[in-house]
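So you can see what is in the structure, the chains are spelled out below.
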Amino acid sequence: MLKQILADMYIEPELLAELSEGQKQILFFKMREEQIRKWKEREAKLEKEEVVLKKPVKAPGKKVSWLKGLDEDVWVWVMGEHPEDKPYNQICDNIIAERARQQAQREAEQIRAKKEEELVKRFSNVQLMDSQMDIMEVLMKEAEEKELQARQAAAAEEQRRMELELQRREAEERRRAEEELRRLEEHRAQQIYMDLKEVQCSVQRHDKEDPEWQETLRRSKAADERRRSVAKQARDDYKRLSLKAVERGRVAAMSKAFGGAAPEPKPRFQPKPKPRTVLLNNQPLSRKAGVRRTQSTSSRETIIKWFKDKQVPMRAGFEKDQDCIAPWFHGIISRQEAEELLSSGVAGSFLVRVSERIMGYVLSYRCQEGYKHFLIDSSENSYIFLGVEQLQYASLADLVEYHKVEPITMAGGEQLLNPCGQRDGQLDYADLFS
């Protein structure tokens, strides 16, 4: 049934009316995923056609690979759940501080370049003068080489001393300039940070004073919390139900949502029993060969034919390993009739009825708050809750037995405790087995 809905991207109004709000939301998500999948297939097909028409282009060497966790699935990180995640205010402060530091650094580089140019120009002039003096001294030494040998040595020593002094003064000037630049850079960074912080505070004050923005923020946080809670609950449900199903041996196939590599085993059914007759004392019932069901109609006659043709051979409504009808099984009754039957019971009472609108079943449940109705899909020769879980059962009896121990949903905790039987002297399923 679910495959047919996703293939047609359409659901009958009668079927939609049988779904609860939670089931409708899950069905909407699955239909949206199917739309995205078909869109990707169409885009891939168009790209292949364009490649044929255009000249071949060398494919880029870049590719994207997803980080996987210990379960070999795509690793997902939800911001704010890890204990080492920084709060939003601290992240904003770090970003502002980094921007201020970078801007101050750029300004300091400009000032440093100007200082360097001044120092080079200043000391280059001094060196030029020293070189001219050296030339004059050399000329004098050539003229008076023999007479001024002692003065030449003294002049050379003085020149080396002056060069060392000049180098020392240049290094000192550079050190002082660098310290001044560093001090200016730190002061400018702090000034820019305070300006940006003041702008941010003014924006936050304006946002806090805006009631519409506050309401939008509150709704956004509430929606994020709900999505995080639903995702965590879905993961816990899947792990818990999967482990329990494997341990008890009651599940025919594992979850379709995660697409296991191994093929799903087909459910095994009991051999077809001999024909019986319907009795009012809950004796075994007879069964007839039915006609091929039609998927598009949902009249009462069509549903009866479908039940006789497809469901009776699968022992739908029978007790497990017995040839008598289960006390929780009911025929084609409406939602109101099911709630009237459950009204005399306590929380945990339940019944399984044949839907009056579609070819399927509905599990009606009595809880503290009122009544719940869960649609059961049986179109794949197995039984599965539509939109609640992804576990398949070989028979209705297996489904009921499993959820006598395990709740249908973690949030609701619906355990099937007390089966709701027939009214005195009436069998609402007699026309299904006649």
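Residues numbered from 1 in each chain as written. Predicted model: local features only at pLDDT ≥ 70, side-chain atom pairs only at ≥ 80, totals over all residues. Heavy atoms only, no water.

(A) Fine view of the pairing of strand E2 (residues 349-354). When you tally the buried positions in E2, you get six out of six residues, the bulk of the element. Side chains of E2 alternate between two faces, with Ser 349, Leu 351 and Arg 353 and Phe 350, Val 352 and Val 354 buried alike. Here strand E1 (residues 329-332) pairs with E2 via three bridges, running parallel. Across the sheet, the residue bridging to His 330 is Arg 353, located in E2. Each parallel crossover has a hand, and for E1 linked through helix H8 (residues 335-342) to E2 it is right-handed. Examined bridge by bridge, E2 and strand E6 (residues 418-419) share two bridges and lie parallel to one another. Across the sheet, the residue bridging to Ser 349 is Asn 418, located in E6. Here E2 folds back onto strand E3 (residues 361-366) in antiparallel fashion, the turn holding six residues. (Buried < 20%, exposed > 50% of the residue type's maximum accessible area, 1.4 Å probe, protein only. Helix = DSSP H or I, 4+ residues; strand = E, 2+ residues; numbered from the N terminus. Pairing = 2+ DSSP bridges. Right-handed = clockwise from strand over helix to strand, strands pointing away.)

(B) Spotlight on the packing of aromatic side chains. Throughout the structure, instances matching the rule amount to twelve aromatic pairs. Note on Phe 307 and Phe 433: the rings are 5.4 Å apart at their centroids and 90° apart in plane angle, and the pair reads as edge-to-face. On the criterion of sequence distance, the pair formed by Phe 307 in helix H7 (residues 300-311) and Phe 433 in helix H10 (residues 430-433) is long-range, its members being 126 residues apart. Grouping residues by exposure puts Phe 307 and Phe 433 together as buried. An angle of 90° between the planes, with centres 5.9 Å apart, marks the rings of Tyr 429 and Phe 433 as edge-to-face. Each residue in the set Trp 306, Phe 307, Phe 318, Phe 329, Tyr 361, Tyr 383, Tyr 429 and Phe 433 is aromatic and connected to the rest through ring pairs, giving one cluster. (Phe/Tyr/Trp six-rings, centres within 6.5 Å; stacked < 30°, edge-to-face > 60°.)

(C) Quick peek at the pairing of strand E4 (residues 371-377). A large share of E4 lies buried, amounting to five of its seven residues. Pairing of E3 with E4 involves six bridges; the strand directions are antiparallel. Within the sheet, the bridge partner assigned to Tyr 365 lies in E4 and is Lys 372. In this structure, the hairpin formed by E3 and E4 is closed by a connection of four residues, where Gly 370 is found at a positive phi of approximately 155°. For E4 and strand E5 (residues 384-385), the ladder comprises two bridges, and the chain directions are antiparallel. Directly across from Ile 376, in E5, lies its bridge partner Phe 385.

(D) Representation of the confidence of the model for the protein chain in the model. Chain-level statistics for the protein chain give a pLDDT mean of 77 and a share of 79% at 70 or above. Helix H6 (residues 211-248) is the least confidently modelled element of the protein chain, averaging 76 in pLDDT, while E2 averages 93, the highest of any element. Long-range and interchain partners of residues 250-297, a stretch whose pLDDT sits below 50, account for 96 contacts in this model, where long-range means more than four residues apart. (pLDDT = per-residue confidence, 0-100. Contact = heavy atoms within 4.5 Å.)

(E) Molecular detail of the nonpolar core. Phe 307, Phe 329, Tyr 361 and Leu 363 are the most contacted members of the largest nonpolar core, which totals 37 residues. Of all the elements in the fold, those that place two or more residues in this core are H7, E1, E2, E3, E4, helix H9 (396-402) and H10. Top element by residues in this core is H9. It accounts for five residues. (Core = buried A, V, L, I, M, F, W, Y, C linked by side-chain atoms within 4.5 Å.)

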